[in-house]
Amino acid sequence: WTAPVLSASGDAVVDLRESIRAKLAFALGRTPESARPRDWFAATALALRERIVAACMASERSVPNKRVYYLSLEFLIGRLMSDAMNNLGLTETTRAALRELGVDLDAVQEAEPDAALGNGGLGRLAACFMESMASIGIPAMGYGIRYDHGLFRQSFEDGWQREAPETWLAEGNPWEFARPEATYAIGFGGAVTMSSAEAGVIRRHWQPAETVRAVAHDVPVVGWRGRHVNALRLWKAEAGEPVDLARFNGGDHVGAVAARMRAEAISRVLYPSDSSAEGQELRLRQEYFFTAASIQDLVARHVAERGDVRSLPDHAAIQLNDTHPAIAVPELMRLLLDVYGLAWEDAWHVTTHTLHYTNHTLLPEALETWPVELMERLLPRHMQIIYLINWMHLEEQAKHGRQGSADAAAYLAAISLIDESHGRRVRMGHLAFHGARRVNGVSALHTDLMRSTVFSDLHALDPDKIVNKTNGITFRRWFHNANPGLTRLAVETVGAGVLDNPELLRGLEAQAEDPAFVARYAAVRRERKEALAAIIAERTGIDVDPAALFDVQVKRIHEYKRQLLNIIETVALYQAIKAEPHRDWTPRVKIFAGKAAPSYVQAKLIIKLACDVARAVNDDPEVADRLKVVFLPNYSVSLAESIIPAADLSEQISTAGMEASGTGNMKFALNGALTVGTLDGANIEIRDHVGAENIFIFGLEADGVRARQAEPDYAARAIEASPRLAAALDMIAAGRFSPDEPGRFRPLTDDLRRRDQYLLTADFDDYWRVQRAIDAAWRDPRGWWAKAIRNTARMAWFSSDRAMREYAGEIWRVRLG
Ligand code: 26V
C-alpha cells in the first residue's frame, strides 16, 4: 500500500534491490533477462521473508506466559505479498527497488498464486484472525493442513460450472519454512491393549495398524508495523516408508508405493464442500491427522518449557474452529491418560480448561456427525474415551432427577454425545461443547439461536458457557491494501493515526455532505469501478458502464444465501424494462461470483440460471445499458480485493436465522457500499452501527421465518398473491432463458412452488420494493454518497483486532505482547 507516511529511503531501496537480485540469482538460479514475473515474485518474497525473520528475531525472545493455538481445517489466506510489504512498511521501498531492476511491482503481485486453503467464510475468518493476532501482539500459532491443492479452480462451459485442480504449489512456496525436525507419527486403526502398571492402575495402550508422518511447514504471519511475527504451521502428510522395496524389487512398481499414496492423500486436497457433511473416511482422517499433530506439538512445547503437563491450561488456550478439530477432546485426553499417566479427573480438568469451541453454522446438514462404526475402526482408543466421557456426562444428569419418565429418556437422548436416531453417530458439536471451557457464536443473533435451538439443553446445564464473539475483518487487507485510494483519503482527512486506530474513521462523518470531500470519495470509487470493468471485459467479454450502479453478490453459492432471489428479481426487472423501455430506469450492473460445491446439484443449476439470464439480458438491444448481468468466474480472495472496493451495493440477503454472521458484509460496508440485506447474522449489528437510515433492510425476521414455515402451502399462496413473482417464475419455467432445453430450470421453479425452504416467495415483494427504493436513492447522488461515507465512518467496530481483543480478554485470558 502506498502509504504517504511511509516513503522509500534511498538506502533501504538499494538494500532490498540487491537482496532481490541475489535471491533471483542464488536461490532461483535465474538471470534478470530470463526471469518471468513468477520468478521476480519468488525473489521478492524471499527477500521480504528474510526481513520478516529479522523482525521476528529482533522481537523479544522470552517465552510468553500464554500462547493461543488456533486449530482450523481451513486458512483462506490468499496472496501474502501485500500483507508482508505493508505490515513491514516496505511497499514503496519494494516498488522502487523493483523499478530499478526494470520490473513493475503490480505485475509481480499478480504473479503470486492465491493460497486458497479454505472454502469461504470460516477459512477467511481464520486468516483475518491470524493477521490480527500478529498485529495486536497475541502470541499465537495457527495449525492447519498444507493442502497440495486448495479449493478447485472454477471455469464455465456454456454457463455450467467446471472444476479443475488448483496448483498453487506447482512452483513452490517462497513464504514457507519446511521443518522436517518437527515431525510426528499419527496413528490410524489397530487395537487397544491393556497393561497393569504400577499400583494396580490399568493403563491402556493404542497400537495403530498404520502410521502417517505429519511434517510441519511454517508460514510467517507478520503483524502491523512488523511488531510481532506469529507462525501458521501447516502439516504435510508423508508415509513412514517412501517405498516398499521388497515389492518394488519383486516387480510391483505401483504396489510398492501404494501405502505412500494412501498416506499422502491426507494432505492432497481441500474438501470443496462447506454445506453438507459427507461421511467421507478421508475427511475424518484429515481431521484427526492435523488435530493430533497439533496437540502433540503444543503439548511437547509446553512440557519442554514448563516441565509439567498439568499446568497446560495456564499457558495454552486452544481454539477449535468449528467441530472439524473436535477430535482434540479425546486426543488430548488420550495423551494425558495413556502417555502422561494422569488420572481421569485430572485429565478432564486440563482438557476442559484448555479447549474452546467456535460454532459457525446451525444448518442441520452442516453439523458434523461420524458413524460410531467408522470411529471404532479408525480411532478405537478415541471411541473408548468418548464413550466414557458420555457415560459420565449422562450419569451426572441422571443423578439430578428426571429419571424414569419417557421425558427423561428423551432428554438424555438429546444431550447425549451419541445420536441414536438414524444409526449410531458421534455428534461432534456436542463433543466440542462438552469438552470446551467456552463456546462461542459469531454474531449476536447466531449466539442467541445457539442458546435457544441446537444447544438449548446443554446451555441450560451450564448457562455461562456460551458467549458471543461477533466476527471481524482485518482492515489492513480489506481497507488499506485493497483500497489504497480510500485509505489515502482517510489518512489525509483524519490523520495517519487511522492506520493504527480505525475508530478515527468517525472523523469522516463530518465530511459526509462536504462537496469537495464527496467528490474525492466518489472519484476513488469511480477509479475502482473502471478497474473492475476492465477485469469484467477481459474475463467475460461483457462491457459494463462504470457510471451504472454496481450491485454485487459474491460468496459461496448456497440456497440459504438466496442468489436465486436476486436472479428472480433480475428477471422481474428485465420484464419491467421490456414493458416500459422508455422509463428512466436506474442503470444497474448485477455482478455475481462464487463457487458451488461440486456435488451440490441445485447450486450448480442456480449458476447456470444466472449465466443464462445474463446472456438473454445482455444480448437484448432494447435493454441496452439499463441492465447488465455478469457472473465472474473463479471467485477468490484476490478477486474479492478487486470487486469489493468497486461495489455500490452489497447483497446480504440470506433467509433470516441462517447466515451465522457473514464477513463479506463487513468488507463491503467498510469500503462504502450500501447494504441491501435481511436482519440476519451480523447484518443486524451493521445496521446498529451504520444507522438504519444508511442500510436497506427488508424481509422476514428470524422468528417470522419460523412462523411462516409452519403455515401450510405458504409458498403457493405467496406466489398467487404476487403477480410479479408469478410472472418471473413462469418466464423461467417456460424455458425463456433455456430455449435449447425448456425444462432445464423446472427443478428450481418446482421446488419454489412446492417447498421453498428458504422463503424466497415470502420475501420477494419486499425485496422488489427495497430495490426500487435503492434505484431512487441512487438518483440522489448527494444522499447516496453521504450514506456511503457514513458506512465507512462507522464500521471500525468490525475490525478483527476488536474481535481478537475480546477473545483474548474473555475466552483465552491471555495478555497482549
Ligand atoms: C462445514 C462442513 C460440513 C461438513 C463438510 C465440510 C464442511 C466444511 C465447512 C463447514 C463449515 C461451514 C460453516 C461456515 O463456513 N460458516 C460460516 O462461517 C463464517 C465465519 O464465522 C460466517 O461468517 C458465515 O456466516 C458462516 O456461514
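Residues take numbers from 1 onward in each chain, read along the sequence in its written order. With pLDDT at 70 or above as the cut-off, local features in this predicted model cover only qualifying residues; side-chain atom pairs require 80 or more to be listed or tallied, and sums for whole chains, interfaces and linings still use all residues. Each side-chain value is worked out from all heavy atoms of the structure, with water and hydrogens disregarded.

Focus: unusual backbone geometry
Turning to step 1, where the next piece is worked out: Although it is not a glycine, Asp322 adopts a positive phi angle of roughly 70°.
Turning to step 2, where the next piece is worked out: Between buried and exposed lies partly exposed: a residue is buried under 20% and exposed over 50% of the maximum accessible area for its type, with that area taken using a 1.4 Å probe on protein chains only. On the basis of relative accessibility, which here comes to 6%, the residue Asp322 falls in the buried class.
Turning to step 3, where the next piece is worked out: Even without a glycine there, the phi angle at Arg813 is positive, about 50°.
Turning to step 4, where the next piece is worked out: Looking at where Arg813 falls in the secondary structure, it is placed in the segment after helix H33 (800–812). Helix numbering and strand numbering both begin at the N terminus, where a helix is a DSSP run of H or I of at least 4 residues and a strand a DSSP run of E of at least 2.

A closer look at the site of the ligand
Turning to step 1, where the next piece is worked out: Note on definitions. A residue lies near a molecule or strand when any single heavy atom of the residue is within 4 Å of it. With respect to spatial proximity, 20 residues lie near the ligand, and among them His360, Asn471, Glu659, Ser661 and Gly662 are the closest.
Turning to step 2, where the next piece is worked out: Between N or O atoms, a polar contact is any pair within 3.5 Å; within protein, one atom must be a potential hydrogen donor and the other a potential acceptor, and residues adjacent in sequence are included only when both atoms are from side chains. Glu659 has a polar side-chain atom sitting 2.6 Å from an oxygen atom of the ligand.
Turning to step 3, where the next piece is worked out: Ser661 has a polar backbone atom sitting 3.0 Å from an oxygen atom of the ligand.
Turning to step 4, where the next piece is worked out: Look at the ligand: alone it shows 600 Å² of surface, and the protein chains cover 95% of it.
Turning to step 5, where the next piece is worked out: The greatest single-element share of the shell around the ligand, amounting to three residues, is contributed by helix H6 (residues 121–136).
Turning to step 6, where the next piece is worked out: Partitioning the shell around the ligand into residue classes produces seven nonpolar, 10 polar and three charged. The accessible surface values rely on the Shrake-Rupley method and a 1.4 Å probe; as for residues, cover is taken only from the protein chains in view. In this classification, the charged set is Asp, Glu, Lys and Arg, the nonpolar set is Ala, Val, Leu, Ile, Met, Phe, Trp, Tyr, Cys and Pro, and all remaining amino acids, among them Gly, are polar.

Some points on the packing of helix H1 (residues 10–27) against helix H4 (residues 91–100)
Turning to step 1, where the next piece is worked out: The geometry of H1 relative to H4 is characterised by a closest axis approach of 8 Å and an angle of 60° between their N-to-C directions. The orientation of H1 relative to H4 falls into the category oblique. Crossing hand, H1 versus H4: right-handed. Contacts between H1 and H4 involve Ala12, Val13, Leu16, Arg17 and Ile20 on the former and, on the latter, Thr93, Thr94, Ala96, Ala97, Leu98 and Glu100.
Turning to step 2, where the next piece is worked out: Considered class by class, the residues forming the contact of H1 with H4 number seven nonpolar, two polar and two charged. Fitted lines through C-alpha atoms serve as axes, helices being fitted only where they are in contact, and the angles separating the N-to-C directions of these axes extend from 0 to 180 degrees. Relative orientations are named as follows: roughly parallel for angles under 35 degrees, roughly antiparallel for angles over 145 degrees, roughly perpendicular for angles from 65 to 115 degrees, and oblique for any other angle. Helix crossings are classified by the rotation of the near helix relative to the far one: an anticlockwise turn of less than a right angle makes the crossing left-handed, while a clockwise turn makes it right-handed. Here, residues are in contact when the closest pair of their heavy atoms is within 4.5 Å.

Points about the side chain of Glu651
Turning to step 1, where the next piece is worked out: The topology assignment puts Glu651 in strand S22 (residues 649–652).
Turning to step 2, where the next piece is worked out: The charge count treats Lys and Arg as positive and Asp and Glu as negative. His and the chain ends do not count. In what follows, salt bridge is the name for a side-chain nitrogen of Lys or Arg lying within 4 Å of a carboxyl oxygen of Asp or Glu. There is no salt bridge for the buried Glu651, and the closest opposite charge comes from Lys590, which lies 4.1 Å off by N-O distance.
Turning to step 3, where the next piece is worked out: Within the structure, Glu651 has its side chain in polar contact with the side chain of Gln771 (distance 3.1 Å).
Turning to step 4, where the next piece is worked out: Apart from the residues lying within four places of it in its own chain, the contact partners of Glu651 are Asp551, Val552, Gln553, Lys555, Asn566, Lys590, Val676, Tyr767 and Gln771.

Concerning the confidence of the model for the protein
Turning to step 1, where the next piece is worked out: Mean pLDDT for the protein: 96, with 97% of residues reaching 70 or above.
Turning to step 2, where the next piece is worked out: What pLDDT expresses is the predictor's confidence in each residue, scored from 0 to 100. Scored below 50 in pLDDT, residues 1–6 makes 22 contacts in the model with residues more than four places away or belonging to other chains.
Turning to step 3, where the next piece is worked out: Predicted complex, confidence summary: ipTM 0.95, pTM 0.97.

So, the packing of aromatic side chains
Turning to step 1, where the next piece is worked out: Classification of ring pairs uses Phe, Tyr and Trp, with its six-membered ring standing for Trp, and accepts pairs whose centres are within 6.5 Å; under 30 degrees between planes counts as stacked, over 60 as edge-to-face, and the remaining range as tilted. Under the counting rule described, the total for this entry stands at 20 aromatic pairs.
Turning to step 2, where the next piece is worked out: Where Trp797 meets Phe798, the ring centres are 5.1 Å apart and the plane angle is 90°; that geometry is what we call edge-to-face.
Turning to step 3, where the next piece is worked out: By relative accessible area, Trp797 is classed as partly exposed at 24%.
Turning to step 4, where the next piece is worked out: Phe798 gets classed as buried once you look at its relative accessible area, which sits at 0%.
Turning to step 5, where the next piece is worked out: Three or more aromatic residues link up through ring pairs in this structure, and these residues are Tyr69, Tyr143, Tyr184 and Trp235.
Turning to step 6, where the next piece is worked out: Sitting over the face of the ring of Phe177, Arg49 holds its NZ or CZ atom 3.9 Å from the ring centroid.
Turning to step 7, where the next piece is worked out: The cationic tip of Arg772 hangs over the ring face of Trp768; the distance from NZ or CZ to the ring centre is 4.3 Å. In this scheme, Lys NZ or Arg CZ marks a charge over a ring once it lies within 6 Å of the ring centre and within 35 degrees of the ring normal.

Re the pattern of salt bridges
Turning to step 1, where the next piece is worked out: Under the definition given, this model contains 77 salt bridges.
Turning to step 2, where the next piece is worked out: Residues Arg21 and Glu18 are paired through a salt bridge, measuring 3.2 Å at the closest nitrogen-oxygen approach. You can see Arg21 and its partner Glu18 sitting in helix H1, three residues apart, about one turn around the helix.
Turning to step 3, where the next piece is worked out: According to the relative accessible area criterion, Glu18 is partly exposed, its value standing at 33%.
Turning to step 4, where the next piece is worked out: Among the ionic contacts, a cluster of salt bridges with common partners joins Asp158, Lys608, Asp612, Arg615, Asp740, Glu741 and Arg744.

Details of the packing of helix H20 (residues 484–494) against helix H21 (residues 515–540)
Think of two packed helices as two axes; the pair is described by the angle between the axes and how far apart they sit.
Turning to step 1, where the next piece is worked out: The N-to-C vectors of H20 and H21 enclose an angle of 160°; their axes lie 9 Å apart at closest approach. Between H20 and H21, the angle falls in the class roughly antiparallel. Note on packing geometry: the crossing formed by H20 with H21 is right-handed. Contacts between H20 and H21 pair Gly485, Leu486, Leu489, Glu492 and Thr493 from the former with Phe517, Arg520, Tyr521 and Val524 from the latter.
Turning to step 2, where the next piece is worked out: Class assignment for the residues of the contact of H20 with H21 results in five nonpolar, two polar and two charged.

Here we look at the pairing of strand S21 (residues 627–632)
Turning to step 1, where the next piece is worked out: Of all the six residues making up S21, six are buried; the element is thus mostly covered by neighbouring parts of the structure.
Turning to step 2, where the next piece is worked out: The two faces of S21 match: Leu627, Val629 and Phe631 on one face and Lys628, Val630 and Leu632 on the other face are all buried.
Turning to step 3, where the next piece is worked out: As paired strands, strand S20 (residues 588–593) and S21 are joined by six bridges and run parallel to one another. In the sheet register, Ala593 faces S21, and the bridge partner there is Leu632.
Turning to step 4, where the next piece is worked out: Here, the term right-handed applies to a crossover whose path from the first strand over the helix to the second runs clockwise when the strands point away from the viewer. You can see the chain leave S20, run along helix H23 (residues 601–618) and come back into S21, and the turn it takes is right-handed. A pair of strands is labelled paired if DSSP reports no fewer than 2 bridges between them.

Topic: helix H29 (residues 723–733)
Turning to step 1, where the next piece is worked out: Among the residues of H29, those classed as buried are Leu725, Ala726, Ala728, Leu729, Met731, Ile732 and Ala733.
Turning to step 2, where the next piece is worked out: Looking at the buried positions of H29, the neighbouring elements they touch are helix H22 (563–579), H23, helix H28 (714–721), helix H30 (746–754) and helix H31 (760–778).
Turning to step 3, where the next piece is worked out: Positive backbone phi, approximately 90°, marks Gly735, located one or two places after H29.

Comments concerning the sheet that holds strand S19 (residues 549–554)
Turning to step 1, where the next piece is worked out: Spatially, six strands are ordered S21-S20-S19-S22-S23-S24 in an open sheet, and the strand pairing comes out parallel. Two strands lie at the open edges of the sheet, namely S21 and strand S24 (696–697), each paired on one side alone.
Turning to step 2, where the next piece is worked out: Relative to S24, strand S23 (residues 674–677) runs parallel, the two being bridged by two bridges. From the neighbouring strand, Val676 faces S24, where its bridge partner is Phe696.
Turning to step 3, where the next piece is worked out: Of the strands in this sheet, S19, S20, S22, S23 and S24 are in contact with H31, which crosses S20 at around 125°.

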